[in-house]
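Chain and residue survey
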Amino acid sequence: LNGRAKVTHAVVVIFLEFFAWGLLTAPMLTVLHETFPHHTFLVNGLIQGVKGLLSFLSAPLIGALSDVWGRKSFLLLTVFFTCAPIPLMRISPWWYFALISVSGLFSVTFSVIFAYVADITEERERSTAYGLVSATFAASLVTSPAIGAYLSATYGDSLVVLVATIIAVADILFILLIVPESLPDKMRLSSWGFPISWEQADPFASLKKVGKDTTVLLICVTVFLSYLPEAGQYSSFFLYLRQVIKFSSEAIAAFIAMVGILSIVAQTLLLSVLMRKIGNKNTVLLGLGFQLFQLAWYGFGSEPWMMWAAGTVAAMSSITFPAVSALVSHCTDHDQQGAVQGMVTGIRGLCNGLGPALFGFIFFLFNVELIDLNPVENGAASAVMDEKSVIPGPPFLFGACTVLLALLVAYFIPEHDSLAAKTCSAQAITVPDNGTQLNSSAPGSDEDNEPLLQDSSM
């Protein structure tokens, strides 16, 4: 592994970080419910909202700084602060949730990882490498929730938190001792006095610039509209399965495993085939189509088998973001990869703030509340189900509507031939020196929406 920077290094960093968080899936809901027994959905949305907003504000700065000072130091910084709350889960839940909110400032590991991958891959292999990193994220969550649930049931939550802490420390040591720098010395300035302009670090300035390039604008709007419901779904879906559809803990762990395994297949084997056969843009459209179908099915589904079936469709929709990031990397100069990935991570960070809050609020409007940690029985459950006999999951239908809009917007994204790519590069990246965090779109997301309460919502 040591020596030259490889995609393998990026894959290991992502795997360990999310494996540690995945272990906490079951204990997280317990702690969340014990700490905030009333309006758990809303508080969950608020915590993620603060985290997402901070991620949005910091992503462009971290991306731009990594273009100047290299990726390794920022990988270390983001992984350390993202994992810092883990040991506090057993020590002080209040501090744990407070630190989770604040850790949003550094919850942009994915933007740095995708810039790292872009540094060391040729353009033609980049989409496959992005798919591999996204698939690794899925793989880390295939087994870890089930392992965490088993350890928690057998030995208690404290052991789970200890194991997660050890894995997080191992990840930090791996970056410190083994991961090499991916950005060549000649492409970065060693002087720590190199000025990063306010314009580069200001996420809102970046958003304003997005409008100057039509292609970039269309891609960013697509990312926003499709990721908003995905972020909301992450925050509440497993809680919804247990509360309304009455899944057991074992069934939820199995559901995560099934969707994870199918996502890995989709993002590794299927993605590369689709990119070759139908091209980047059509792959994005196909992924959005699957997402639309999946959300509509979640919205109307009231039986467990419907959720399992919709889960297979959810795995297919996971090809969207690696495809989007490949589409955008054609537009980006080599030394702009960090800033660009940071921009999209920022947009997704904004969705991580708005999505959960929005879903929590819609559930609140429809009187879906976390009454008990066990599947709700008898009167309470039938009351909840009666109210929603026509539409069991209103937020999911809202999400399907925004994905439909994303599909319409994505349809107008122009196909990128080499000439278009050069024009795009020239238009989009015109700020002096190390430039804007302008366009784009990487799967940054899987992380910004790191399993903070995401998968924990189980």
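Model, not experiment: these values are computed from the prediction. (Residues numbered from 1 in each chain as written. Predicted model: local features only at pLDDT ≥ 70, side-chain atom pairs only at ≥ 80, totals over all residues. Heavy atoms only, no water.)

Structural notes on the overall build of the protein chain
- For the protein chain, the helix and strand inventory stands at 20 helices and zero strands.
- A total of 458 residues make up the protein chain; the buried ones form 61% of that total.
- Looking at the protein chain as shown, the accessible area adds up to about 16700 Å², and 70% of this sits on carbon and sulfur atoms. (Helix = DSSP H or I, 4+ residues; strand = E, 2+ residues; numbered from the N terminus. Buried < 20%, exposed > 50% of the residue type's maximum accessible area, 1.4 Å probe, protein only. Areas by Shrake-Rupley, 256 points an atom, 1.4 Å probe, with all protein chains shown as cover.)

Some details on the pattern of salt bridges
- A full pass over the atoms with the stated rule returns one salt bridge.
- For Asp 119, the salt bridge is made with Arg 71, and the minimal N-O distance between the two is 2.7 Å. Linking Asp 119 in helix 7 (residues 109–120) with Arg 71 in the loop between helix 3 (40–69) and helix 4 (72–83), this pair joins segments that are 48 residues apart in sequence.
- The buried category is assigned to Arg 71, whose relative accessible area is 0%. (Salt bridge = Lys/Arg side-chain N within 4 Å of Asp/Glu carboxyl O.)

Describing the nonpolar core
- Of all hydrophobic cores here, the largest spans 112 residues; its most connected members are Leu 24, Ile 86, Phe 237, Leu 241 and Phe 255.
- By residue number, the principal contributor to this core is helix 12 (residues 214–243), which donates 15 residues.
- Aside from chain neighbours lying at most four places away, what touches Leu 241 is Lys 246, Phe 247, Ile 252, Phe 255 and Met 307. (Core = buried A, V, L, I, M, F, W, Y, C linked by side-chain atoms within 4.5 Å. Contact = heavy atoms within 4.5 Å.)

Some words on a nonpolar patch on the surface
- A contiguous nonpolar surface patch, about 360 Å² in accessible area, is contributed by Val 169, Leu 173, Leu 176 and Leu 177.
- Note on placement: Leu 173 falls in helix 9 (residues 157–177).
- Overall, Leu 173 belongs to the partly exposed group, its relative accessible area being 42%. (Patch = residues over 30% accessible without salt bridge, like charges linked within 9 Å, V, L, I, M, F, W, Y side chains within 5 Å.)

Considering the packing of aromatic side chains
- Under the definition given, this model contains 21 aromatic pairs.
- With 5.5 Å between their ring centres and 65° between their planes, Phe 255 and Trp 308 make a pair best called edge-to-face. Note that Phe 255 is positioned in helix 13 (residues 249–300) and Trp 308 in helix 14 (residues 304–316), a separation of 53 residues in sequence.
- Trp 308 sits in the partly exposed class, given a relative accessible area of 27%.
- A network of ring pairs unites the aromatic residues Phe 237, Phe 255, Tyr 298, Trp 308, Phe 359 and Phe 396 as a single cluster.
- When the ring centre of Tyr 411 is taken as reference, the NZ or CZ atom of Lys 281 above it lies at 5.3 Å. (Phe/Tyr/Trp six-rings, centres within 6.5 Å; stacked < 30°, edge-to-face > 60°. Lys NZ or Arg CZ within 6 Å of the ring centre and 35° of its normal.)

Things to note about helix 9
- With 21 residues, helix 9 ought to run about 30 Å at 1.5 Å a step, and its terminal C-alpha atoms sit 30 Å apart, in line with that.
- Among the residues making up helix 9, those that are buried are Asp 157, Val 160, Val 161, Ala 164, Ile 167, Ala 168, Asp 171, Ile 172, Phe 174 and Ile 175. For helix 9, the angular spread of the buried residues around the axis is 155°, confining them to a single face. In this structure, helix 9 carries Ile 166 and Leu 177 as exposed residues pointing more than 90 degrees from its buried face. (Expected span 1.5 Å × (residues − 1). Arc of directions from axis to C-beta.)

Details of the packing of helix 3 against helix 6 (residues 93–102)
- As a packed pair, helix 3 and helix 6 sit with axes 7 Å apart at the nearest point and diverge in direction by 30°. The angle between helix 3 and helix 6 falls in the class roughly parallel. For the pair helix 3 and helix 6, contact is made by Ile 47, Val 50, Lys 51 and Leu 54 and by Phe 97, Ile 100, Ser 101 and Val 102, respectively.
- Residues of the contact of helix 3 with helix 6, tallied by class, amount to six nonpolar, one polar and one charged. (Axes fitted to C-alpha atoms, helices over the stretch in contact; angles between N-to-C directions. Parallel < 35°, antiparallel > 145°, perpendicular 65-115°, else oblique. Nonpolar A, V, L, I, M, F, W, Y, C, P; charged D, E, K, R; others polar.)

Note that all results are geometric; they support no functional claim without further evidence.
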